[in-house]
Every structure is written in structure tokens, then in C-alpha cells.
Protein chains: 2
Amino acid sequence: MTQKTFAFVVYPGLTVLDLVGPLQVLNTYAAAEPSVRVAVVGETLDAVGTDTPLRIAPSHTFAQVPDPSWVLVPGGGAPTMRALGDETLIGYLRESAKTAELMTSVCTGSLLLGQAGLLEGREATTHWTFLETLRAFGATPVQQRWVDTGPVITAAGVSAGIDLALHLVERMSGEDAARLVQFGIEYDPQPPLGALDWSLAPRERMRPFVDFTVREGLADQPELREKLLAQQ
Amino acid sequence: MTQKTFAFVVYPGLTVLDLVGPLQVLNTYAAAEPSVRVAVVGETLDAVGTDTPLRIAPSHTFAQVPDPSWVLVPGGGAPTMRALGDETLIGYLRESAKTAELMTSVCTGSLLLGQAGLLEGREATTHWTFLETLRAFGATPVQQRWVDTGPVITAAGVSAGIDLALHLVERMSGEDAARLVQFGIEYDPQPPLGALDWSLAPRERMRPFVDFTVREGLADQPELREKLLAQQ
């Protein structure tokens, strides 16, 4: 039996739920599907920080998983902006895309796909506060839970990775498989305040945060910084 | 300013989304609320495995956070059953409960609260497949997204920790704070197959899995094992 690998990409400072939501979904799926292997890949096996006090360590290095069939890259704040200049990380995404069936992202992870040249001429999404920055990579921003363009799927902010991952399971194996995983992780969401009411979105309050994130994360990369700021 | 600590408990083999869902929510809240500190606590600072290939490392030892104001303990499969016999972990929960405002759990983490003697005479919940085992700890099982009994709140399986955590933020600081966090993690769930249709729950299919989890996890603890199996 040929085993195909789903690679979850780790880099310092990422938003940990971007990674763990879909990882839990695909891992639950893989437990019942021996043809699918899940790997968490990073530049080294050392633990790295996240946007929380939790530290996380990959199971494999990039070099150990050179030909993943599926790739997911999570997003984050300033550390994700810094990662735009991480040639090893961006190189891994670019190389993987040549043979992978599917490249996916959660939240601002789509900017990393963009930097790898994978969003040119595509519709894509990201965290709602960063939508317009996608234009800097030749993408057309769409505010949707996830945007499936075939070989590239991007998801909205943070928690959207769970919905994206269930969509992936459904796309890979159909409704029954996706439903079994959904029962496994008991995904029957009941947000205490209900679904988001977008008329209450704190757009003005978040603007300085986005601006700070881009300026702080890209302090050493003026060209890229101006390219992103031009889209705000 | 007095800073109060929210302690997220780590132990080997836990279900990682049980931990990370609420950790992301409370960390987003704490970023805007300097009186709240988030800590990830474990027996040592060493990385431990999870139910996925991801390894995770705490930020503090139990000894370094002896008096948390709030505690959350995640669940899991066989490793969580094994943790029922982990005197250091259960001791930390029991001691913390003496002074903490609030003890909380996600998924089968409620069994750990039960083992610490915190569910006696209370209503509680857990992963839907383990509901009846709560009776072994003197609790009355309730199938609800979360069960708030005042000083103890238990949540349903895995992904329910996100809803629980937003409820906690609302309880601690009100609707505006909870809404801001909800926009921060863009929690606007859209499960591809919709909410769970409980008439389709794979109850018979899951029964052997639950039985195996209890037998495997409690192989060395026949008394506890029989106590749980008696409730299946």
C-alpha cells in the first residue's frame, strides 16, 4: 500500500489553533485510513514558540518529508509576516507545490502561499482583517469560510481551519468519512453569542493592530512591508 | 495590579485540540486584559506527546503555579485513562481546587476532575461516548455543550472547549469581551455537513473503541477499570 503524507507546517510564533484544529481533524481521519500519514514538519525537530505560552515540536524536518501529497500552512501575526522572508520555509512550500495534490492554508498562512507564488490569479481568503493584503500576491480576496480553487485551498481566520479540514476529508473520502470525524471531535458548535454578526465587526479597532503587525513583522524587509501596506 | 493565572494542564498523550481550542481563546482574551496571565503547566518542562504527531511543551511546572485562579484540564483516549492513576496530576487538580475560583475540563478531562473528587453530586458532561462513565465519580451525566455548576464547568468532546472558553470569557468580562475574542479567532463555524445530526451518531461503531480505551488505559488498575466498565 502506498502511503501518502499530509504535512502540517510549523514555524516559530504561529497561531497554534490554526495548526491544531485541522491537525486534529486529519489525524482522526488518518487513524481510520491507513493510506494517509500525518506529519508535522519544521526546519528542525526543536520545539518552537507559538502565539501562546505553549511550545510545540514537529515530528519531522522539511528534509524528511520532501514530497507531501497535501500541505497545510498556518498563519499568525507578526511572526507570520517575518516568515514571509524565511527562504527555507517559503522554499519548502514552493517545492512541495510542484508535486503535491493540494496546498492549503489557514488564516494569514495564505500570505505565505502567496509569497511562494501560489496565489497568482486565484481567488483566496485569509483572516478578515488581512483580506486586502492578498492583492499584493496577485490574488483576488474573497470573504468566505474557505475558498477551494482545486489545487489550492485557503481558509479564513484561526478557527476556520476546522471547517476547512472537514471539507478536505469530505473531498478525499466522502460524506460518511467526514461525518465520522465530525462525531469523533464532537463538532457541534454552539458559540455562546451565536454566529458572528459582521455588522458588529471591530474594523476600526483592529486597523492599528494590522498596521502594527505588518510594520513589526517586516521591519527588516522594507520592500515587502510597503507592498503589504499599500493594500491596507 | 494583582495578576491571576489561568492554568492549562498538560500530560502525555492528551487530545491536543481539547487543550489548544480554549488556550487560543483565553490567550486572545489575556492579550487585552493585563490582569489575566495564561500558563501551560505540566509535571516538568519537557515536551510530551499528544494524540497526534505534534509534541508540546508546558511553560511552567505544577510547582511553579501552585495557586491558579482558573484551571482547565483536557481529555483524550487511553492516555487520559492512564492519567487517572497519575497521583501528581490528580494531586495538582485536587490541591488547586481548594483555592481556585473555577475548575474546568474538556472532553474526558472531566473524568480527571472526577478522580480528584470534584464531581461528586454534580451534573457534568464529557465526550458523548463516555457520558455514562461519569457516574463512576458520583456525577450525573448531562449531554450538553457545557455544564456550568458554578465552581466546576465541564465541556463536551474536543471542539466543545472553544465554546466553553468563550462562555468563560463572557462570564469573566461580559459580552463585549467575548465578542472581541470571537472576532479575533474568526469563530463563525460552518461545518460542511452542518451541525451534528444525533440520529446518525455511530453509537454501535464507537462502543468497542470506548471499551478498548478503558481496558488499554487502565490495564494496570483493575479496580478503576471495573468501576468504569460497570457504567458502560
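So, a few notes on the structure that sits alongside this text. (Residues numbered from 1 in each chain as written. Chains lettered and ligands numbered in written order. Predicted model: local features only at pLDDT ≥ 70, side-chain atom pairs only at ≥ 80, totals over all residues. Heavy atoms only, no water.)

## A closer look at the relation of the copies chain B and chain A
- If you rotate chain B by 180° and push it 0.0 Å along the axis, it lands on chain A with an RMSD of 0.0 Å. When the rotation and shift are considered jointly, the pair of chain copies conforms to a two-fold rotation axis. It is isoleucine 56 of chain B whose C-alpha, among those of chain B, lies nearest the rotation axis, at 2.2 Å.
- Most of the interface of chain B is mirrored in chain A, where 100% of its interface residues again form contacts. (Least-squares fit on C-alpha atoms with pLDDT ≥ 70 in both. Contact = heavy atoms within 4.5 Å.)

## A closer look at the sheet that holds strand 10 (residues 146–148) of chain A
Residues and elements named next belong to chain A.
- Strand order in the open sheet formed by seven strands is 5-2-1-6-7-11-10, with mixed pairing between adjacent strands. The sheet is open, and its two borders are formed by strand 5 (60–61) and strand 10, each paired with just one other strand.
- Sheet topology places strand 6 (residues 70–73) next to strand 7 (residues 102–105); four bridges connect them, and they run parallel. Directly across from leucine 72, in strand 7, lies its bridge partner threonine 104.
- Of the strands in this sheet, strand 1 (4–9), strand 2 (36–42) and strand 6 touch helix 1 (residues 16–31), which is tilted by about 155° from strand 2.
- Lying over the sheet, helix 5 (residues 160–173) contacts strand 1, strand 2, strand 6, strand 7, strand 10 and strand 11 (152–155), oriented at roughly 150° with respect to strand 11. (Pairing = 2+ DSSP bridges. Helix = DSSP H or I, 4+ residues; strand = E, 2+ residues; numbered from the N terminus. Axes fitted to C-alpha atoms, helices over the stretch in contact; angles between N-to-C directions.)

## As for the packing of helix 1 of chain A against helix 5 of chain A
Residues and elements named next belong to chain A.
- Running from N to C, helix 1 and helix 5 cross one another at 30°; their axes reach a closest spacing of 7 Å. Here helix 1 is positioned roughly parallel relative to helix 5, judged by the angle of their axes. Handedness of the helix 1/helix 5 crossing: right-handed. Facing helix 1, whose interface residues are Gly21, Pro22, Val25, Leu26 and Tyr29, helix 5 presents Gly161, Ile162, Ala165, Leu166, Leu168, Val169, Met172 and Ser173.
- Taken together, the residues of the contact of helix 1 with helix 5 break down into ten nonpolar, three polar and no charged. (Parallel < 35°, antiparallel > 145°, perpendicular 65-115°, else oblique. Left-handed = near helix turned anticlockwise from the far one by under 90°. Nonpolar A, V, L, I, M, F, W, Y, C, P; charged D, E, K, R; others polar.)

## Some thoughts on helix 1 of chain A
- Across its 16 residues, helix 1 of chain A extends 22 Å between first and last C-alpha, which sits within 8% of the 22 Å expected from 1.5 Å per residue.
- Along helix 1 of chain A, 14 of the 16 residues are buried, which leaves the element largely enclosed by surrounding structure. (Expected span 1.5 Å × (residues − 1). Buried < 20%, exposed > 50% of the residue type's maximum accessible area, 1.4 Å probe, protein only.)

## Thoughts on the packing of helix 5 of chain A against helix 6 (residues 175–184) of chain A
Residue and element names in this part refer to chain A.
- Where helix 5 contacts helix 6, the two axes come as close as 7 Å, and the packing angle between them is 145°. Helix 5 and helix 6 meet at a crossing whose hand is right-handed. In this structure, helix 5 contributes Leu166, Val169, Glu170 and Ser173 to the contact, and helix 6 contributes Glu175, Ala177, Ala178, Val181 and Gln182.
- Partitioning the contact of helix 5 with helix 6 into residue classes produces five nonpolar, two polar and two charged.

## Focus: the interface of chain B and chain A
- On the side of chain A, 59 residues touch chain B, which itself brings 59 residues to the contact.
- The contact between chain B and chain A buries some 5400 Å² in all, and 66% of this surface belongs to carbon and sulfur atoms.
- Among the residues chain B hides against chain A, the three largest losses belong to Phe183, Glu186 and Leu193 of chain B. Together they make up 16% of the total.
- Seen at the junction of chain B and chain A, the total is zero salt bridges.
- For the pair chain B and chain A, the number of links is 34 residue pairs in polar contact (both at pLDDT 80 or more).
- For the side of chain B that touches chain A, the elements supplying multiple residues, two or more each, are helix 1 (16–31), strand 2 (36–42), strand 4 (55–57), helix 5 (160–173) and helix 6 (175–184) of chain B.
- Per-element accounting of the side of chain B that touches chain A gives the leading share, eight residues, to helix 1 of chain B.
- Partitioned by chemical class, the residues of the side of chain B that touches chain A number 32 nonpolar, 16 polar and eleven charged.
- The sheet contact formed by strand 4 (residues 55–57) of chain A and strand 4 of chain B spans three bridges and is antiparallel. (Buried area = accessible area lost by both parts, 1.4 Å probe. Salt bridge = Lys/Arg side-chain N within 4 Å of Asp/Glu carboxyl O. Polar contact = N/O pair within 3.5 Å; in protein donor to acceptor, adjacent residues only side chain to side chain.)

## Examining unusual backbone geometry
- With a phi angle near 45°, glutamate 186 of chain A is a residue other than glycine that sits in the positive phi range.
- Tracing the sequence through the fold places glutamate 186 of chain A in the loop between helix 6 and helix 7 (203–217).

## So, the nonpolar core
- Counting 158 residues, the largest nonpolar core has Leu26, Ile56 and Leu93 of chain A together with Leu26, Ile56 and Leu93 of chain B as its most contacted members.
- Not counting the four nearest positions on each side in its chain, isoleucine 56 of chain B is found in contact with Leu54, Arg55 and Ile56 of chain A together with Val10, Leu14, Val16, Leu19, Asp46, Ala47, Val48 and Thr50 of chain B. (Core = buried A, V, L, I, M, F, W, Y, C linked by side-chain atoms within 4.5 Å.)

## A short note on the sheet that holds strand 4 of chain B
- One open sheet accounts for four strands, arranged 3(A)-4(A)-4(B)-3(B); its pairing is antiparallel. This sheet does not close on itself; its edge strands, each paired only once, are strand 3 (48–49) of chain A together with strand 3 (48–49) of chain B.

## Some points on the pairing of strand 2 of chain B
Residues and elements named next belong to chain B.
- For strand 2, the tally of buried residues reaches six of seven residues, placing the bulk of the element in the interior.
- Direction of pairing for strand 1 (residues 4–9) relative to strand 2: parallel, over a ladder of six bridges. Within strand 2, the position partnered with phenylalanine 8 by the bridge is valine 40.
- Tracing the backbone out of strand 1, into helix 1 and back to the parallel element strand 2 gives a crossover that is right-handed. (Right-handed = clockwise from strand over helix to strand, strands pointing away.)

## A look at the pairing of strand 11 of chain A
All names here are of chain A.
- Neither face of strand 11 is left uncovered, since the one carrying Val152 and Thr154 and the one carrying Ile153 and Ala155 both have all their residues buried.
- Relative to strand 11, strand 7 runs parallel, the two being bridged by three bridges. Within strand 11, the residue paired with threonine 104 across the bridge is isoleucine 153.
- Of the strand pairs in this sheet, strand 10 and strand 11 are connected by three bridges, and their pairing is antiparallel. Looking at strand 11, one finds that valine 147 is bridged to threonine 154.
- In this structure, the hairpin formed by strand 10 and strand 11 is closed by a connection of three residues, where glycine 150 is found at a positive phi of approximately 100°.

## Some details on the pattern of salt bridges
Residue and element names in this part refer to chain B.
- Enumeration over the complete set of coordinates arrives at 20 salt bridges over all chains.
- Between aspartate 148 and arginine 171 there is a salt bridge, with its nearest N and O atoms 2.9 Å apart. Of this pair, aspartate 148 sits in strand 10 (residues 146–148) while arginine 171 sits in helix 5; the two residues are 23 residues apart in sequence, bridging distant segments of the chain.
- Judged by relative accessible area, arginine 171 falls into the partly exposed class, the value being 40%.
- Between glutamate 204 and arginine 207 there is a salt bridge, with its nearest N and O atoms 2.9 Å apart. Separated by three residues within a single helix, glutamate 204 and arginine 207 lie in helix 7 (residues 203–217), roughly one turn from each other.

Function cannot be inferred from these measures alone, as they are strictly geometric.
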